[in-house]
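A closer look at the structure
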Amino acid sequence: MPLLASTGLRNQVLDTGSIKSALANGFIRVYSSTIGNIPATADAAIDPGVHTLLLTVYGDGISEGLNLGTASGGAIGKAPGETWAGTVLATGNAVFFRFVAAGDTGAASTSQARLQGRVGVSGAELNISSLALTSGNTQAVNFISISLPG
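Described in the following lines is the structure provided in the data block.

Calculation notes
Residues numbered from 1 in each chain as written. Predicted model: local features only at pLDDT ≥ 70, side-chain atom pairs only at ≥ 80, totals over all residues. Heavy atoms only, no water. Core = buried A, V, L, I, M, F, W, Y, C linked by side-chain atoms within 4.5 Å. Buried < 20%, exposed > 50% of the residue type's maximum accessible area, 1.4 Å probe, protein only. Helix = DSSP H or I, 4+ residues; strand = E, 2+ residues; numbered from the N terminus. Contact = heavy atoms within 4.5 Å. Salt bridge = Lys/Arg side-chain N within 4 Å of Asp/Glu carboxyl O. Pairing = 2+ DSSP bridges.

Glancing now at the nonpolar core. One recurring pattern in soluble globular proteins is that nonpolar side chains are buried together. Judged by nonpolar contacts, the single largest core of 27 residues is most densely connected at Ile-28, Val-30, Trp-84, Phe-99, Leu-126, Leu-133 and Ile-146. Elements represented by at least two residues in this core include exactly helix H2 (19–22), strand S2 (27–32), strand S3 (52–57), strand S7 (96–100) and strand S8 (114–120). The element that contributes the greatest number of residues to this core is S3, accounting for 3 residues. When neighbours within four sequence positions are excluded, Ile-146 is seen to be in contact with Leu-3, Ile-19, Leu-68, Gly-74, Ala-75, Ile-76, Phe-99 and Leu-115. Counting 5 residues, the second-largest nonpolar core is a separate cluster that includes Tyr-31, Ile-38, Ile-46 and Phe-96.

Now the structure itself:
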C-alpha cells in the first residue's frame, strides 16, 4: 500500500497550505488489523471492532502534538528537538498507521487531514524497531520522511 493522503489533506495542500501546516500538532496512531481489513482510503472510518489502536505517538513522548521540520530534497521529516514516542496501549502486531491532525476522531471524513500507510521494520511507509508491540512499553519513531511524487 502506498502512502495514502485523505481528500481533506489534498484539498488543504492544493488550496491553502502545506502538509506541514495541515498536520501541525497532530499525532501518529498505530493500529493492528488483519491485512484485508486495513481501510482502503485515508477518508474511511477506523472501526474499533476491527482496528485496535496500539499506540499514539507524541512530539514529546507524552502529550504534545507532532511537528514536521523543514523540507529539503523533496521530502520533509520530523522537527528537530522533538522526541517522537508513545506508550503502547495494547499488545499486538502493528499493521498500519495514520498521521492525523489534532482533533481527528477517526470517523469517515473527506475534510480531515490524514496520511495512512503500512508499518514495517523496513521498506514500509513507517518503519519501527519491531512490529510486535507490548502494552506499557515505550515505542519511538526516530525517522520519518514524507515526500511528494516528482
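There's plenty left to go through after this.
Counted according to the given criterion, the structure contains 2 salt bridges. The partner of Arg-114 in a salt bridge is Asp-104, with the nearest N and O atoms 2.6 Å apart. Placement of the pair is Arg-114 in strand S8 and Asp-104 in the loop between S7 and S8, with a sequence separation of 10 residues. By the burial criterion, Arg-114 is buried, and Asp-104 matches it. The shortest N-O distance in the salt bridge between Arg-118 and Glu-125 comes to 3.0 Å. Here Arg-118 falls in the partly exposed class, since its relative accessible area comes to 30%. Residue Glu-125 is classed as partly exposed on the basis of its relative accessible area, which comes to 21%.

Positionally, Gln-12 belongs in helix H1 (residues 7–15). Note on Gln-12: relative accessible area 29%, which makes it partly exposed. Between the C-alpha atom of Gln-12 and that of Gly-69, which follows or precedes it by 57 residues, the distance is 18 Å. Residues contacting Gln-12, with those up to four places away along its chain left out, are Gly-17, Ala-22, Ser-111 and Ala-113.

Here Asn-25, not a glycine, exhibits a phi torsion of approximately 65°, which is positive. Counting through the fold element by element, Asn-25 comes out in the loop between H2 and S2. With a relative accessible area of 41%, Asn-25 lands in the partly exposed category.

Counting through the fold element by element, Ser-32 comes out in strand S2. For Ser-32, the contacting residues outside a window of four places in its chain are Val-50, His-51, Thr-52, Leu-54, Asn-93 and Val-95.

A few words now on the pairing of S7. Most of S7 is tucked away, with 5 of its 5 residues classed as buried. Every second residue of S7 is oriented toward a common face, with Phe-96, Arg-98 and Val-100 on one face and Phe-97 and Phe-99 on the other, all of them buried. Here S2 pairs with S7 via 5 bridges, running antiparallel. Note that in S7 the partner of Val-30 across the bridge is Phe-97. Bridge count between S7 and S8: 5 bridges; the pairing is antiparallel. Note on S8: the bridge partner recorded for Phe-97 is Gly-117.

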